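Results of the structural survey
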Amino acid sequence: MTTPAGSAESKLPQTAPSSFDDHHPPERELLDDCVHCGFCLPTCPTYQLWGEEMDSPRGRIYLMDLASKGEITLEGSFQEHMDACLGCMACVTACPSGVQYDKLLESVRPQIERNVERDRSDQLFRDAIFALFPYKRRLRAAALPGALYQKLRTVPAIRKLAEKLPGRLAAMESLLPPVSVREAFARLPVFTPAVGSRRGRVALLSGCVQDVFFHRVNEATVRVLAAEGYDVLVPRDQQCCGALELHAGREAPALERAKREIGVFETLDVDSIVTNVAGCGSSMKEYGHLFADDPAWADRAAAFSARVRDVHEVLADGEPRAERHPVRGRVAYHDACHLGHAQKVRAQPRAVLRSIPDLELVDLPEAELCCGSAGIYNMIAPEAAGELGARKAANVRSVNPDVIVTANPGCLLQIGKHLGADIPLLHPVQLLDASIRGVAVPRT
C-alpha cells in the first residue's frame, strides 16, 4: 500500500480561523493532553506498517492541533491520515497520560464527512456499504444471492473471475461470511425464561449483520444467559445501533439510529441491555456522551448507556450456575479492539473461558495490535488491512491453537480470511454453550 504522503501542507495564515466547523470540534483540553511521549507508537497498526509519524496517534493529534488553529485545511493530507486510522483505540490503552484519542477521533471524522468532498468513486463505495449493512431486511435479501454465489464460487471459472476483481470489490468478496439462508431468516424468541431460579432479567441487542450472518452466535448467547439464570428479552422492533456509521463519521444517521434504539429499550423492565458484539457495545456505552449537550436526549441516553453491558461482563458477574462439561484443547483468545481497548473488557472473557473444565487458554503475541477489521476498514483500505490480517494470522498460528475465539463478527471474518478454514473460529459464548450442553464444539 502507498503510505499517505505529506504531513501539514495547505498552510493557511496564522490568523486564520479554525478549519473545523462549530459543531463539536476537537476540544482544546483534549488536544493539549498529549505530551508526544511516543508510548502509543508500538501499538498503533498504521505506524507499525509504515513508520510514518503522521500515521501515529501523536502525529494525528498534531494535525488536529494545526487544523484547530487554522494552519492547515481538512482536505488533502489531513483527510488521508485520518482515514488511514483504524480507530482501534490501542493507543488509549497504551497512553500513560490518559489522552482521550477516542473522543478526538470521534469529533474529527464527522468534520471530514461534513466539510470534505470525497472522490466520487470513494463516496459511492461508502454509500453502498451504508445502504446495505445497517438494514436487516436488506441483508436478508442479500443472503439469497449470497448463498447461491458461495455455491458457484467452487466452480473454477467463477473463482478465476472473482480473483480478477479490483481491490475494494475483491476485499468485499473475500470477506463474505458463510451464508445460511435458514439462519439469515431465523428469529430469536421474544422471551426466553431463565433455567431454574431467576438471578436477573436482560434484553439482548440482536444486531444487524450479527443476527443475519451470525445468528448462531445470538442463539448461543440466549441459551447461555438462560442457563445462567437470566430471563432474556429480544424486542422485535429493535434495529441497527448505529455503530458502523458512528465509527465512520456519519454522525447524523448514527444518532438517529441511537435514538430509535433508546426508545425501544428504555421502556423494558430489565437489569441490563446485553450486547455480544464489541463494536456495538462500544457505541451504545457512548450514547450518554454523544447526547450530553442535547437537552431532550441527554438523560435518556445516559440512563440507556448505564445499563449496557457486554455479555462477558454479565456472565463473569457471580459464580457460574450451569454445569460445564470438559472441552479439551488449546483455545486462543483474540481481544477485539472495541472490547479490550474501547470498553476495557479484558479479564471477563478470559474468566468466562476459564470456567470451562480442561480448556487451556492461551493469549496471542502482539495481542494489542488490531487484526485489520475495524468496522469497514478492511473494505475501504484492503491493502493495509490485508497486511494486518496476515500478521494476526501468523501470530495465531504461532501458538498452535485448536480453536480461536473473539467477540466481534468483523474480527471473525478478517482472521478467518487470512487464517483459512483449518482452525475453527468462534465467539466465546459458542464455546461456553457447547460446554454447558455437552455437545461437540462447532466449526463456525
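Scope of this entry: the structure provided in the associated data block. (Residues numbered from 1 in each chain as written. Predicted model: local features only at pLDDT ≥ 70, side-chain atom pairs only at ≥ 80, totals over all residues. Heavy atoms only, no water.)

Time to look at the packing of helix 3 (residues 57–68) against helix 4 (residues 77–84). Packing of helix 3 against helix 4 leaves a shortest axis separation of 10 Å and a crossing angle of 145°. The element helix 3 and its partner helix 4 pack so that their crossing is left-handed. Contacts between helix 3 and helix 4 involve Arg60, Leu63, Met64 and Ala67 from the first element and Phe78, His81, Met82 and Ala84 from the second. (Axes fitted to C-alpha atoms, helices over the stretch in contact; angles between N-to-C directions. Helix = DSSP H or I, 4+ residues; strand = E, 2+ residues; numbered from the N terminus. Left-handed = near helix turned anticlockwise from the far one by under 90°. Contact = heavy atoms within 4.5 Å.)

Pairing within the open sheet is parallel, and its 4 strands lie in the order 7-6-8-9. Lying at the two open borders of the sheet, with one neighbouring strand each, are strand 7 (359–363) and strand 9 (425–426). Looking at chain direction, strand 6 (residues 329–333) and strand 8 (residues 403–405) are connected through 3 bridges and run parallel. Residue Tyr333 lies in a different strand from strand 8, and its bridge partner there is Val405. (Pairing = 2+ DSSP bridges.)

Let's shift gears to unusual backbone geometry. Here the phi dihedral of His24 falls at roughly 50°; this positive angle occurs in a residue that is not glycine. Its location among the elements puts His24 in the segment before helix 1 (28–33). The residue Met89 is not glycine, and still its phi comes out positive at about 70°. With respect to the secondary-structure elements, Met89 resides in the loop between helix 4 and helix 5 (90–94). A residue is classified by how much of its surface remains accessible, and Met89, at 9% relative accessible area, is buried. (Buried < 20%, exposed > 50% of the residue type's maximum accessible area, 1.4 Å probe, protein only.)

Glancing now at the pattern of salt bridges. It is possible for side chains of opposite charge to pair when their charged atoms get near one another. Tallying each qualifying case throughout the model produces 38 salt bridges. Where Asp122 meets Arg118, a salt bridge forms, and the shortest distance between an N and an O atom there is 3.2 Å. As a salt-bridge pair, Lys285 and Glu313 come within 2.8 Å of each other at their nearest N and O atoms. You can see Lys285 sitting in the loop between helix 16 (278–284) and helix 17 (287–290) and its partner Glu313 sitting in helix 19 (residues 311–315), a full 28 residues away along the chain. For Lys285, a relative accessible area of 24% puts it in the partly exposed group. Residues participating in the shared-partner salt-bridge network are Asp83, Glu113, Arg118, Asp122, Arg126 and Arg168. (Salt bridge = Lys/Arg side-chain N within 4 Å of Asp/Glu carboxyl O.)

Take Gln343: it is sitting in the loop between helix 20 (337–340) and helix 21 (347–354). There is a polar contact of 2.9 Å between the side chain of Gln343 and the backbone oxygen of Ala278. Not counting chain neighbours up to four residues away, the residues in contact with Gln343 comprise Ala278, Gly281, Ser282, Lys285, Asp310, Glu313 and His338. (Polar contact = N/O pair within 3.5 Å; in protein donor to acceptor, adjacent residues only side chain to side chain.)

Here we come to helix 8 (residues 136–152). Here helix 8 is 17 residues long and its end C-alpha atoms lie 24 Å apart, about the 24 Å a rise of 1.5 Å per residue gives. Residues of helix 8 that are buried include every one of Lys136, Leu139, Arg140, Ala143, Gly146, Ala147 and Gln150, and no others. Where helix 8 is buried, its residues meet helix 11 (181–184) and helix 12 (209–213). (Expected span 1.5 Å × (residues − 1).)

Take the sheet that holds strand 5 (residues 308–310) next. Spatially, 1-3-2-4-5 is the arrangement adopted by the 5 strands of the open sheet, whose pairing is mixed. Unpaired on one side and paired on the other, strand 1 (191–192) and strand 5 mark the two borders of the sheet. Sitting on the sheet, helix 13 (residues 215–227) touches strand 1, strand 2 (200–204), strand 3 (230–233) and strand 4 (272–275), and the angle it makes with strand 3 is about 145°. In the packing of helix 18 (residues 298–307) onto the sheet, the strands contacted are strand 4 and strand 5, and the crossing angle to strand 5 comes to about 25°.

In total, this model carries 0 disulfides according to the counting rule given. Here Cys44 is not disulfide-linked; the sulfur of Cys88 is the nearest cysteine sulfur, at 6.5 Å. Take Cys337: it sits in no disulfide, and the sulfur closest to it among the cysteines is that of Cys370, at 3.8 Å. (Disulfide = S-S within 2.5 Å.)

Turning our attention to the side chain of Gln414. With respect to the helices and strands, Gln414 occurs in helix 24 (residues 409–419). For Gln414, a relative accessible area of 1% corresponds to the buried category. Among the polar contacts made by the side chain of Gln414, one reaches the main-chain carbonyl oxygen of Ala385 at a distance of 2.9 Å. The residues touching Gln414, leaving out its near neighbours within four places in the chain, are Leu175, Cys371, Gly372, Ser373, Asn378, Ala385 and Gly389.

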